[in-house]
Amino acid sequence: MQAAAIFGRIQHELGQRLPLATLYRTPTVRQLAVAVDKAAQPAVVPNAAAANDADRAADRVDDLGNDLGDDTRCVQAIQVGSSGCPLFIAPGIGGDIVGFGHLVRQLDPAQSVYGLRSIGLQEGEEPLIGVPAIAAAFISEMYRIQPAGPYQLFGVCWGGLVALEIARQLTDAGHEVALLALLDPPPVGFDDSAAPATPARAAVPSTRQFLRQRLALYRHSLSTTPVHQWPGYVWQRLCNVFDALRQRDPLRGDATEFLRWRVREANLQAMRSYRPPAFRGEACLLFTSDRPDGRSKAAREYWLQHFNHAGQPQFVPGKDSGDALAPERAAAVAAVLRQRLA
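Asks: Any chance you could explain the packing of helix α6 (residues 131-145) against helix α7 (residues 158-172) here in plain terms?
Replies: Two quantities define a packed helix pair, namely the angle between the helix axes and the distance between the axes. With their axes 9 Å apart at the nearest point, α6 and α7 run at an angle of 65° to one another. Here α7 runs roughly perpendicular to α6, going by the angle between their axes. By crossing handedness, the relation of α6 to α7 is classed as right-handed. When α6 is examined against α7, the residues Val131, Pro132, Ile134, Ala135, Ala136, Phe138, Ile139, Met142 and Tyr143 are found in contact with a partner set consisting of Trp158, Leu161, Val162, Glu165, Ile166, Gln169 and Leu170.

Written out as structure tokens, the structure is:
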């Protein structure tokens with residue numbers, strides 16, 4: 001969320017739109033400033049030879065579909081190494097890949113790593129409804145990077161469902177899946193009697209639903225705000241409303257928060273309607289050791305039974321999947337992956 005705010009402000013104040021994946025190459029303020037300057041400079045091709053080189057480079061980027069400067073791709077490079085068998089990572093329910101930096105830095109620098117960004121986080125994109133459709137869209141982009149197996153997949157929380165579905169579709173197409181690793185996959189499949197959402201009933205969340213959710217949040221926030229702070233709180237919200245009316249835009253020119261909310265709601269719909277398929281290959285299950293008891297922790301037994309050949313689960317430090325990928329704990333997850341990566 002902080003990264004989205006930073007890049008939104010860069011676009012607003014400096015007029016340069018950069019993808020969040022830029023942070024993987026420019027993780028400091030100084031390096032980010034250089035990236036903004038380069039983005040502002042027009043490309044200059046001094047001679048025909050350079051033009052040919054530029055054309056070949058452009059063709060290479062298009063073939064891979066992974067240029068960090070192209071945030072329209074749903075499969076984006078996090079680390080480009082020399083390994084011929086890249087690792088594809090599916091993120092949590094928010095759909096953004098920006099949280100994988102600390103994990104990837106703990107892997108072999110030669111290991112190529114790609115993140116599967118949810119479609120819908122960029123303006124002009126419509127979120128996909130349904131895990132099979134989401135997986136199929138990712139696979140079409142993955143083929144541009146790696147046309148044939150063996151494939152290596154890592155799913156984090158909600159992304160575990162996507163990684164599993166990708167593995168199923170790849171194996172059904174005759175490809176080998178060498179690694180399917182899941183970190184804290186979510187609790188699904190407990191109530192088989194519940195009718196899954198059908199495509200006819202599923203719908204992309206609308207701006208009106210988002211605004212209703214915002215109003216509900218404002219009411220809740222007001223109820224927990226000390227009375228003496230009510231005037232300032234209400235005045236700020238009224239200013240937002242007047243600004244939206246003045247611009248004739250309920251989002252006030254910045255759709256970032258709405259797009260993130262819409263993707264999350266669409267991914268929730270996809271999770272609720274998904275019934276995990278059987279997978280013929282082996283799976284590596286990673287669970288956080290400090291996760292509170294409850295439905296999420298109870299999901300472990302379900303996933304251990306779902307994968308007949310899962311073997312012993314690997315426990316890593318953390319209260320949840322996001323906590324496990326924090327700077328001080330990501331090394332433990334990376335150590336498990338390093339043992340299994342080709």
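Read on for the rest.
Asks: Any chance you could explain empty space enclosed by the protein here in plain terms?
Replies: A water-sized probe, rolled over the atoms, reveals where empty space remains. Overall, the coordinates contain 1 cavity of 30 Å³ or more when judged by the stated rule. Of the volumes computed, that of the largest cavity is approximately 70 Å³. The element that contributes the greatest number of residues to the lining of the largest cavity is helix α10 (residues 256-272), accounting for 3 residues. Of the residues contributing to the lining of the largest cavity, the split by class is 7 nonpolar, 2 polar and no charged.

Asks: Help me out: how do you make sense of the pattern of salt bridges in this one?
Replies: Where charged atoms from two side chains of opposite charge come close, those side chains can pair. Enumeration according to the criterion identifies 10 salt bridges in this entry. Note that arginine 260 and aspartate 96 form a salt bridge whose closest N and O atoms lie 3.2 Å from each other. Taken together, the positions of arginine 260 in helix α10 and aspartate 96 in the loop between β2 (87-90) and α5 (101-105) put the pair 164 residues apart, joining distant regions of the chain. Here arginine 260 falls in the partly exposed class, since its relative accessible area comes to 25%. Ionic pairing is found between aspartate 172 and arginine 168, a salt bridge with its closest N-O pair at 2.8 Å.

Asks: How should I be thinking about the environment of aspartate 184 in this particular structure?
Replies: In this structure, aspartate 184 sits in the loop between β5 (177-183) and α8 (207-223). The exposure class assigned to aspartate 184 is buried, which follows from its relative accessible area of 4%. Linking aspartate 184 and phenylalanine 315, residues 131 residues apart in sequence, is a C-alpha distance of 9.8 Å. Discounting residues that sit within four places of it in the chain, aspartate 184 has contacts with Cys157, Leu286, Phe287, Thr288, Arg291, Asp320 and Ser321. Of the polar contacts made by the side chain of aspartate 184, one reaches the side chain of arginine 291; its length is 2.8 Å.

Asks: Where do I start with the side chain of glutamate 125 in this structure?
Replies: In this structure, glutamate 125 sits in the loop between β3 (113-116) and α6. At 2.7 Å, the side chain of glutamate 125 forms a polar contact with the backbone nitrogen of glycine 120. Separated by 3.4 Å, the side chain of glutamate 125 and the backbone nitrogen of leucine 121 make a polar contact.

Asks: Can you help me understand the nonpolar core in this one?
Replies: The tendency in soluble globular proteins is for nonpolar side chains to be buried as a group. With 41 residues, the main nonpolar core has Met142, Ile166 and Leu180 as its most contacted residues. Of the residues forming this core, the biggest block, 8 residues, is contributed by α7. With sequence-adjacent residues up to four places away left out, leucine 180 is seen in contact with Leu153, Ala163, Leu164, Ala167, Phe279, Glu282, Ala283, Cys284 and Phe307. By size, the runner-up hydrophobic cluster in this structure holds 25 residues, among which are Ile89, Cys284, Ala324 and Leu337.

Asks: What should I look at first to understand the pairing of strand β4 (residues 151-156) in this one?
Replies: Regular strands have side chains that alternate between both faces of the sheet. Most of β4 sits inside the fold, with 6 of its 6 residues counted as buried. Two strands pair when backbone bridges link them, and β2 and β4 are joined in this way by 4 bridges, in the parallel orientation. Within β4, the position partnered with alanine 90 by the bridge is glycine 155. One ladder, built from 6 bridges, connects β4 with β5; its direction is parallel. By the bridge assignment for β5, tyrosine 151 is matched with valine 177. Each parallel crossover has a hand, and the one from β4 via α7 to β5 is right-handed.

The rules we used
- Residues numbered from 1 in each chain as written.
- Predicted model: local features only at pLDDT ≥ 70, side-chain atom pairs only at ≥ 80, totals over all residues.
- Heavy atoms only, no water.
- Axes fitted to C-alpha atoms, helices over the stretch in contact; angles between N-to-C directions.
- Helix = DSSP H or I, 4+ residues; strand = E, 2+ residues; numbered from the N terminus.
- Parallel < 35°, antiparallel > 145°, perpendicular 65-115°, else oblique.
- Left-handed = near helix turned anticlockwise from the far one by under 90°.
- Contact = heavy atoms within 4.5 Å.
- 1 Å grid on protein atoms, 1.4 Å probe; cavity = no way out; pocket = protein on both sides within 12 Å on 5 of 7 lines; lining within 4 Å.
- Points joined across faces, edges and corners; volume = space filled by probe spheres on them.
- Nonpolar A, V, L, I, M, F, W, Y, C, P; charged D, E, K, R; others polar.
- Salt bridge = Lys/Arg side-chain N within 4 Å of Asp/Glu carboxyl O.
- Buried < 20%, exposed > 50% of the residue type's maximum accessible area, 1.4 Å probe, protein only.
- Polar contact = N/O pair within 3.5 Å; in protein donor to acceptor, adjacent residues only side chain to side chain.
- Core = buried A, V, L, I, M, F, W, Y, C linked by side-chain atoms within 4.5 Å.
- Pairing = 2+ DSSP bridges.
- Right-handed = clockwise from strand over helix to strand, strands pointing away.

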